[in-house]
Amino acid sequence: MEMLNSAWMFFQDQILGMKWLNVLIGKGLTALGLDLDGILGGGIQFFIYDTIKIFVLLSVLIFMISYIQSYFPPERTKKILGRFHGIGANSIAALLGTVTPFCSCSSIPIFMGFTSAGLPVGVTFSFLISSPMVDLGSLVLLMSIFGAKIAVAYVLLGLVIAVIGGTFLEKTGMERYVEDFVKKAVNAETETAELTRHDRIVFSKEQVLATIKKVAPYIFVGVGIGAFIHNVIPQVWIEEVLGSGNPFAVILATLVGIPMYADIFGTIPVAESLLAKGASLGTILSFMMAVTTLSLPSLIMLRKAVKPKLLTAFIGICAMGIILVGYLFNAFQYLFI
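As the structure is a prediction and not an experimental result, all values here were calculated from the model. (Residues numbered from 1 in each chain as written. Predicted model: local features only at pLDDT ≥ 70, side-chain atom pairs only at ≥ 80, totals over all residues. Heavy atoms only, no water.)

(A) Local environment of the packing of aromatic side chains. One pass over the full model with this rule turns up three aromatic pairs. Each ring, one from Phe47 and one from Phe220, has its centre 6.5 Å from the other, and the planes form 15°; the classification is stacked. Highlighted residues: Phe47 in helix 3 (residues 39-69) and Phe220 in helix 11 (residues 197-231), separated in sequence by 173 residues. Geometrically, the ring pair formed by Phe125 and Phe314 is tilted, given 5.3 Å between the ring centres and 45° between the ring planes. With Phe125 in helix 7 (residues 121-133) and Phe314 in helix 17 (residues 308-331), the pair connects residues that are 189 residues apart, well separated along the chain. Side by side, Phe125 and Phe314 carry an identical accessibility label, which is buried. Members of the aromatic cluster, each reached through a chain of ring pairs, are Phe47, Phe55 and Phe220. (Phe/Tyr/Trp six-rings, centres within 6.5 Å; stacked < 30°, edge-to-face > 60°. Helix = DSSP H or I, 4+ residues; strand = E, 2+ residues; numbered from the N terminus. Buried < 20%, exposed > 50% of the residue type's maximum accessible area, 1.4 Å probe, protein only.)

Here you go:
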């Protein structure tokens, strides 16, 4: 058992966490005369290490996820979802969202397509919640920084929010608040040609390039903010505002996260720095969920497809779920760290 634990820790630290890379970069910067304990040297080390690590992991993960995703084109996904009913359909929709590496804005056109195809609004909203909040990429990246227990718990609770949120919207009859043009949109059935292995590899490579190009600015900004927090902001400030001693820290982090726009890959370096500075675990995860699920640009896009009452219900359900998750993580933080 001890051997398995050691092997897992090596995999988590050296393969996923790429700690060897941090050591290598530190030696290189020291050779150049930089003090790694100083603001400049420490900030440069953090920025180079996190940027390289995230881009390497992201490229590998997006390739693997896209290869899996190639088996689930929109038409096939609609047929799969159409076979299920009730909470089972919501659960399948939430799970399918985990194999779509989309940000919240990218998920909305797919949500509209599913709705126009006649799928229940609760099912489509379960997909819309889970797609940006939890995916296979976020699971592995979170694992590389926070460990397996936190990563798995984050993904499972995100899926729970997606299933409960979608089910609630359906049971309360919110379908009537979808804009008419979405419900009446022509949904042509098209046969999707079966892809060969070569086609899937080409598709996966294209998705890697497209995703990297799209998220690169957010990663650079996120790592830059993370480096600033990690090396400039005093730890006592973070502990006072976002630590477990502030009972409103989770609510504050959620409210701050909503107007922002980034995907999970851009928020992870910020979360890593906040955790190192003493922010409570639940507060950090609530911030990440709010940024990825309830960003202001995505809400503006969603308003074009749904009426204000449904949009308000969606925001309220997600926000309450995110806040609840944050307090649960804070209450049981000792189980994860």
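(B) Region of the structure containing the nonpolar core. Core analysis: the biggest nonpolar cluster contains 70 residues, and Phe125, Tyr154, Leu310 and Phe314 have the highest contact counts within it. Discounting residues that sit within four places of it in the chain, Phe314 has contacts with Phe125, Leu128, Ile129, Leu169, Leu294, Leu299 and Leu302. Judged by nonpolar contacts, the second largest core, of 12 residues, contains Ile62, Val215, Ala216 and Ile219. (Core = buried A, V, L, I, M, F, W, Y, C linked by side-chain atoms within 4.5 Å. Contact = heavy atoms within 4.5 Å.)

(C) Examining the side chain of Gln207 more closely. Its location among the elements puts Gln207 in helix 11. We classify Gln207 as buried; its relative accessible area is 19%. Setting aside residues no more than four positions away along its own chain, Gln207 makes contact with Ile62, Ser66 and Gln69.

(D) Fine view of the packing of helix 13 (residues 249-257) against helix 17. One way to put it is that helix 13 packs onto helix 17 with a least axis distance of 9 Å and a crossing angle of 140°. By the criterion of interaxial angle, the relationship of helix 13 to helix 17 is oblique. Both helix 13 and helix 17 take part in a crossing whose hand is right-handed. Two secondary-structure elements touch here, helix 13 through Val250, Ile251 and Thr254 and helix 17 through Ile322, Ile323, Gly326, Tyr327 and Asn330. Here the residues of the contact of helix 13 with helix 17 sort into five nonpolar, three polar and no charged. (Axes fitted to C-alpha atoms, helices over the stretch in contact; angles between N-to-C directions. Parallel < 35°, antiparallel > 145°, perpendicular 65-115°, else oblique. Left-handed = near helix turned anticlockwise from the far one by under 90°. Nonpolar A, V, L, I, M, F, W, Y, C, P; charged D, E, K, R; others polar.)

(E) View of the environment of Gly17. Within the secondary structure, Gly17 is located in the loop between helix 1 (2-16) and helix 2 (19-31). It is 9.4 Å that separates the C-alpha atoms of Gly17 and Gly147, two residues lying 130 residues apart in sequence. The contacts of Gly17, once residues within four sequence positions are left out, are Gln12, Tyr49, Lys53 and Ser144.

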